[in-house]
Amino acid sequence: MIIKPKVRGFVCVTAHPTGCAAHIQEQIDYVKSKGPIKNGPKNVLVIGASTGYGLASRITSAFGSGAKTLGVFFERPSEEGRPATPGWYNTIAFTKAAKAAGLYASNINGDAFSDDIKKQTLDVIAREMGPIDLVVYSLASPRRTHPKTGAVHKSTLKPLGAPYTNKTVDTDKGIVSEVTIEPANETETADTVAVMGGEDWEMWMDALIEAKLLAPGATSVAYSYIGPVHTWPIYKDGTIGTAKIDLERAAKAIHQKLDAFGGGRAFISVNKALVTQASSAIPVVPLYISILYKVMKEAGTHEGCIEQMQRLFATQLYNNSALKFDTEGRVRVDDWEMRPEIQEPVSVIWPQVTTENLAQLTDIVGYRAEFLKLFGFGVAGVNYEAEVEPHVAML
Ligand code: NAD
């Protein structure tokens, strides 16, 4: 069939297998162009491996350091006549490329929050990989069924304490409007912490330690975001920010366990705001990203997920380099985003943006292109008029 993008609000309900594969190849080529990452990871587990930051971490591990990788993710497979979600095609393309390069790559599609998927993962590691030296925790999920209580927790993106009003953009229609978001109640905040906080990361690490499947000196990293004042009420100081504080708590707890176990380390890396399926769902943030892209592209400091992860691995995690922590003990690869020479122009542009001048004052065009690329559309060299088979089996 011929597959075209079908955008519904902040999701695209179709994905293009050839386009996703070409997008993966671009990321592999980027990592290879930067040269090998010395003393890199060898045996890597990525939880949330099929899109965004987790996928970029997996590509960097494999093609920067020759690592074996096991990816855990939750994607809708393809069916006869119906495309899969993009992470399905991304993973197939990654796995093919890794195997062609002689690298081990294995995949588990299922709910990472469940005991069953954890057990399946441990079985694969024990049977096929041996002790893991890097665990990347990069889940972004709207809900979690708690494995012990069976309760279903839903995460919300809301401010705390008081309603929050700011500008937002409908990225599909290009309409700038004001949005007011009512504050979360205590249950919504607790639910968001249950989904996006650190408990599940700790459960993964405890399971790996207990099964003796972590290499001495192992590293684990999870990702967070802080961002500028414009988005603090909905992000840093909102429900999701509360969950990220819990993720930082978990990082410290996991670090203590890993440190005692052969000098390992666990930490949070604060990454840059980027167009991903997760970030496009947050009110206000896509408008900020559109302005940020314009300013950072003009400054020549714009990065995507793959550039961010390659920089994290090459300049902080490995390559005989050392982690540089902020005062709260976090690694920052949002450093270029947060530079005053970037944030000051963002703050000048922010109050001026309207529907009419959106295209001039922001990089909404770049935002849309990047968004479609997540689904395999608009990738250079792909013939989108050609027939393509949507039903592709996982490798
Ligand atoms: P994403 O939506 O691109 O990726 C999420 C991944 O989680 C996918 O692989 C998906 O399959 C997997 N997943 C979701 N639910 C799952 C489940 N129940 N079981 C197994 N896998 C599941 O998200 P992203 O933007 O790359 O976010 C990853 C992390 O990076 C999050 O912690 C996010 O807060 C953080 N982060 C994102 C940004 C940004 O701007 N996008 C910035 C900084 C930090």
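Refer to the structure presented above.
What you see is a predicted model; the values in this text were computed from it and never measured. (Residues numbered from 1 in each chain as written. Predicted model: local features only at pLDDT ≥ 70, side-chain atom pairs only at ≥ 80, totals over all residues. Heavy atoms only, no water.)

**Q** Help me out: how do you make sense of the side chain of Ser280 in this one?
**A** When you line up the elements, Ser280 lands in the loop between strand E12 (265–270) and helix H8 (285–299). In this structure the side chain of Ser280 is engaged in a polar contact, spanning 3.4 Å, whose partner is the backbone oxygen of Phe10. (Helix = DSSP H or I, 4+ residues; strand = E, 2+ residues; numbered from the N terminus. Polar contact = N/O pair within 3.5 Å; in protein donor to acceptor, adjacent residues only side chain to side chain.)

**Q** What is the right way to look at helix H10 (residues 340–349) in this model?
**A** Residues three or four positions apart in an α-helix share a direction because the helix packs 3.6 residues into each turn. By the burial criterion, the buried members of H10 are Ile342, Gln343, Val346 and Ile349. Buried residues in H10, looked at end-on, bunch into an arc of 125°, giving them a common side. Across from the buried face of H10, at angles greater than 90 degrees, the exposed residues are Glu341, Glu344 and Val348. Buried residues in H10 make contact with H8 and helix H11 (358–361). (Buried < 20%, exposed > 50% of the residue type's maximum accessible area, 1.4 Å probe, protein only. Arc of directions from axis to C-beta. Contact = heavy atoms within 4.5 Å.)

**Q** What am I meant to see in the site of the ligand here?
**A** Around the ligand, a shell composed of 30 residues is seen, among which Ser50, Tyr53, Ala112, Lys244 and Thr276 lie nearest. At a separation of 2.8 Å, an oxygen atom of the ligand approaches a polar backbone atom of Tyr53. In this structure, an oxygen atom belonging to the ligand sits 3.5 Å away from a main-chain N or O atom of Ala278. Elements with a minimum of two residues in the shell around the ligand: helix H2 (52–65) and strand E11 (214–224). In the shell around the ligand, the residues fall into 14 nonpolar, twelve polar and four charged. (Near = heavy atom within 4 Å. Nonpolar A, V, L, I, M, F, W, Y, C, P; charged D, E, K, R; others polar.)

**Q** Is there a simple way to explain the packing of helix H1 (residues 17–33) against H2 in this structure?
**A** Contact geometry of H1 with H2 gives a least axis separation of 9 Å together with a crossing angle of 50°. Taken as axis vectors, H1 and H2 run oblique relative to one another. When the axes of H1 and H2 are compared, the crossing they make is right-handed. Here H1 contributes Ile24, Gln27, Ile28, Val31 and Lys32 to the contact with H2, which in turn contributes Leu55, Ala56, Ile59, Thr60, Phe63 and Gly64. Class assignment of the residues belonging to the contact of H1 with H2 gives a composition of seven nonpolar, three polar and one charged. (Axes fitted to C-alpha atoms, helices over the stretch in contact; angles between N-to-C directions. Parallel < 35°, antiparallel > 145°, perpendicular 65-115°, else oblique. Left-handed = near helix turned anticlockwise from the far one by under 90°.)

**Q** Is there a simple way to think about the packing of aromatic side chains in this case?
**A** To describe a pair of aromatic rings, you give the distance between the ring centres and the angle between the ring planes. One pass over the structure, following the stated rule, counts eight aromatic pairs. Between Tyr137 and Trp201, the ring centres sit 6.1 Å apart and the planes meet at 20°, which makes this aromatic pair stacked. Taken as a pair, Tyr137 in strand E6 (residues 132–137) and Trp201 in helix H6 (residues 199–210) lie far apart in primary sequence, 64 residues in all. As far as the burial class goes, Tyr137 and Trp201 line up, both buried. On the basis of an interplanar angle of 55° and a centroid distance of 5.8 Å, the ring pair of Phe313 and Tyr318 is categorised as tilted. On the accessibility criterion, Tyr318 (8% relative accessible area) is buried. The aromatic ring of Trp232 is capped on one face by Lys236, whose charged end is 4.0 Å from the ring centroid. The ring of Trp336 is capped by Arg311, whose NZ or CZ atom sits 3.7 Å from the centre of that ring. (Phe/Tyr/Trp six-rings, centres within 6.5 Å; stacked < 30°, edge-to-face > 60°. Lys NZ or Arg CZ within 6 Å of the ring centre and 35° of its normal.)

**Q** Explanation requested: helix H5 (residues 186–196) in the structure shown.
**A** The complete set of buried residues in H5 reads Thr189, Asp191, Thr192, Ala194, Val195 and Met196. At the N-terminal end of H5, a side-chain oxygen is found 3.1 Å from the backbone nitrogen of Thr187, two or three residues along, and the residue is Asn185.

**Q** Teacher, can you tell me more about the nonpolar core here?
**A** It is characteristic of soluble globular proteins that their nonpolar side chains tend to be buried jointly. The biggest cluster of nonpolar side chains holds 114 residues, and the ones touching the most others in it are Leu45, Ile59, Phe63, Trp201 and Leu208. Top contributing element to this core by residue count: H8, with nine residues. (Core = buried A, V, L, I, M, F, W, Y, C linked by side-chain atoms within 4.5 Å.)

**Q** I'm lost on the pairing of E12 in this one. Help?
**A** The side chains of a regular strand alternate, first on one face of the sheet and then on the other. The buried count for E12 comes to five of six residues, which makes it a mostly enclosed element. Note: E11 against E12, six bridges, orientation parallel. Note on E12: the bridge partner recorded for Ser220 is Ala266. At this point the chain moves from E11, through helix H7 (residues 239–260), to the parallel E12, and the crossover so formed is right-handed. Two elements, E12 and strand E13 (residues 331–332), share two bridges in a ladder whose sense is parallel. (Pairing = 2+ DSSP bridges. Right-handed = clockwise from strand over helix to strand, strands pointing away.)

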